[in-house]
Amino acid sequence: MNLLTTCHQLKAIKRVLKITALASLFSCSFSAFAEPTELKFSHVVAENTPKGQMALKFKELVEKRLPGKYTVSVFPNSQLFGDNNELSALLLNDVQFVAPSLSKFERYTKKLQLFDLPFLFKDMAAVDRFQQSEAGQSLLNSMERKGIVGLGYLHNGMKQFSASSPLIVPKDADGKKFRIMASDVLAAQFQAVDAIPVKKPFSEVFTLLQTRAIDGQENTWSNIYSKKFFEVQSDITESNHGVLDYMIVTSSTFWMSLPIDDREVIKAALDESVALGNKIAAEKSDLDKQAIIDSKRSKITYLTDGQRAEWVEAMKPVWAQFEEQIGKDLIDAAVAAN
């Protein structure tokens, strides 16, 4: 190899190093000015509810812990998607996080119908014990084959009946129309007392009640107060007959596309946000109930043990009706949590 060849080689190496350095500098500069990835969180309730507060806390924590990498846009009150199409939007990646009520997953798994069974859980403490158990945690993964990843449970509270006339014993529901979520179990629950279940989106409930297109509905104190259902319902029965909880979910495709370190930070932020949401749910249940009492817009009926037993007896057959779909082992585990 002569001296001239060596000089040419050195010049070529220098050119390559310069190009590499410029490319690296350009890449760093581009990264510094790259737009953060937007994560959309859609839900159907008001911002002052446990779910609404949880979503805002999640936004705060993600943007604080992964600054410049992600922004979280929260869309409450069905602004982006209603409760009938938010899961479809999730699978299309039009939104990255949603928190539907557990009833909304019926088309993806029959196991979560468990939470709609009437008079299954004694109180929210029992619900929490079950959800944190091995059986409860396994349900988070029950929709992976359908492309949905469960990230955690969020409480709202125990459900109460409301109507345009008193509901004291099961025969009082005879012939009345009740709005329900899209759930076969909830439909069977009302059919068990000869009522007429009407599947309608949450966003339409106030108008349906106000116009008397339906006679009543079932919901938590938090939702009854925040959505002003108590202003258009003369009677509320403190039945505590069911639970209204949510599952925060994302799509498998989106979740696995994130760097593993980012997933861990986002999951930790979500867990912390859910803990706050559950704390707010417990507090708001009592506060919102009292606010409804103070408003004097609705009369609240408190069932005696005998009256409650009548409702349980009328609705308990629904358990056997859906036992095969849900699984007796899951029902037994839920009962044990009481």
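Per chain, residues are indexed from 1 in the order of the written sequence. Reporting in this predicted model follows two pLDDT cut-offs: at least 70 for local features of residues, and 80 or more for side-chain atom pairs to be given and counted; totals over whole chains, interfaces and linings ignore these cut-offs and use all residues. Processing note: side-chain calculations cover all non-hydrogen atoms of the structure and skip hydrogens and water entirely.

## Some points on the overall build of the chain
At step 1: Going along the chain from the N terminus, every DSSP run of H or I of four or more residues is numbered as a helix, and every run of E of two or more is numbered as a strand. When its secondary structure is counted, the chain shows 13 helices and nine strands.
At step 2: Taken over the C-alpha atoms alone, the chain extends approximately 105 × 40 × 30 Å along its principal axes.
At step 3: Burial classification: accessible surface area is computed with a 1.4 Å probe over protein chains only, and a residue below 20% of its type maximum counts as buried, one above 50% as exposed, and the rest as partly exposed. Considering the chain as a whole, with its 338 residues, one finds that 50% of them fall into the buried category.
At step 4: Of all intrachain contacts in the chain linking residues separated by at least 6 positions in sequence, the fraction that spans at least 24 positions is 74%.
At step 5: Areas reported as accessible are Shrake-Rupley estimates using a 1.4 Å probe. Residue values count occlusion only from the protein chains shown. Within the structure as shown, the chain displays about 16100 Å² of accessible surface, and the carbon and sulfur contribution to it stands at 54%.
At step 6: In this tally, Asp and Glu contribute negative charge and Lys and Arg positive charge; neither His nor the terminal groups of the chain are included. Lys charges are placed at NZ, Arg charges at CZ, Asp charges at CG and Glu charges at CD. A distance of 7 Å separates the average location of the 40 positive side-chain charges in the chain from that of its 41 negative side-chain charges. Contact between two residues is taken to exist if any of their heavy atoms lie within 4.5 Å; hydrogens are not considered.

## Brief notes about helix H6 (residues 184-191)
At step 1: Here H6 lies mainly inside the structure; six of its eight residues are buried.
At step 2: Where H6 is concerned, the buried positions are Val185, Leu186, Ala187, Ala188, Gln189 and Phe190.
At step 3: N or O atoms closer than or at 3.5 Å make up a polar contact, with two conditions inside protein: a donor-capable atom paired with an acceptor-capable one, and, for residues adjacent in sequence, both atoms drawn from side chains. For H6, the N-terminal cap is serine 183; the gap from its side-chain oxygen to the backbone nitrogen of valine 185 is 3.3 Å.

## Here we look at the pairing of strand E8 (residues 235-251)
At step 1: Within E8, 16 of the 17 residues are buried, leaving the element largely enclosed by the surrounding structure.
At step 2: At least two DSSP bridges between two strands are required for those strands to pair. Where strand E4 (residues 148-163) meets E8, 13 bridges bridge the pair, whose relative direction is antiparallel. Residue serine 162 lies in a different strand from E8, and its bridge partner there is isoleucine 236.
At step 3: Bridge count between E8 and strand E9 (residues 299-302): four bridges; the pairing is parallel. Bridging across to E9, aspartate 235 finds its partner in lysine 299.

## Digging into empty space enclosed by the protein
Picture a little ball the size of a water molecule; that probe, rolled over the atoms, points out where space is still empty.
At step 1: Every definition here rests on a 1 Å grid over the protein atoms only: cavities are sets of points where a 1.4 Å probe fits but cannot get out, pockets are open sets enclosed by protein on both sides within 12 Å along at least five of seven lines, and lining residues have some atom within 4 Å of a point. Grid points are joined across faces, edges and corners, and a volume is the space filled by probe spheres set on the points. Using the criterion set out here, one finds three cavities of 30 Å³ or more in the structure.
At step 2: Looking at the largest cavity, its volume works out to about 150 Å³.
At step 3: Contributing to the lining of the largest cavity are 17 residues, with Asp83, Ser101, Met181, Phe202 and Leu244 lying nearest its centre.
At step 4: Taken together, the elements giving at least two residues each to the lining of the largest cavity come down to strand E5 (177-180), strand E7 (216-219) and E8.

## Notes on the environment of phenylalanine 119
At step 1: Tracing the chain through its elements places phenylalanine 119 in the loop between strand E3 (97-98) and helix H4 (124-132).
At step 2: The spatial distance from the C-alpha of phenylalanine 119 to the C-alpha of arginine 308 is 9.8 Å, given a sequence separation of 189 residues.
At step 3: If sequence neighbours within four positions are ignored, phenylalanine 119 has contacts with Ser239, His241, Arg308, Trp311, Val312, Met315 and Trp319.

## With respect to unusual backbone geometry
Leaving glycine aside, a negative phi is the common case for residues, and trans is the common case for peptide bonds.
At step 1: One non-glycine residue, aspartate 194, lies in the positive phi region at around 60°.
At step 2: Inspection of the secondary structure assignment puts aspartate 194 in the loop between H6 and strand E6 (196-199).
At step 3: Assessed through its relative accessible area of 53%, aspartate 194 is described here as exposed.
At step 4: If you check the backbone angles, lysine 228 has positive phi at about 60° while not being a glycine.
At step 5: Within the fold, lysine 228 resides in the loop between helix H8 (221-226) and E8.

## Some thoughts on the packing of aromatic side chains
At step 1: Note on aromatic pairs: the rings of Phe, Tyr and Trp (six-membered ring only in Trp) are paired at centre separations within 6.5 Å, and the planes decide the class, stacked below 30 degrees, edge-to-face beyond 60, tilted for the rest. Under the criterion given, the structure shown has 13 aromatic pairs.
At step 2: Centre to centre, the rings of phenylalanine 121 and phenylalanine 130 are 5.9 Å apart; their planes meet at 50°, and the pair counts as tilted.
At step 3: Judged by relative accessible area, which is 5%, phenylalanine 121 ranks as buried.
At step 4: Ring centres 4.6 Å apart and planes at 15° place the aromatic pair phenylalanine 178 and phenylalanine 190 in the stacked group. Note that phenylalanine 178 is positioned in strand E5 and phenylalanine 190 in helix H6, a separation of 12 residues in sequence.
At step 5: Residue phenylalanine 178 is classed as buried on the basis of its relative accessible area, which comes to 1%.
At step 6: Pairwise contacts between aromatic rings join Phe41, Phe58, Phe97 and Phe254 into one cluster.

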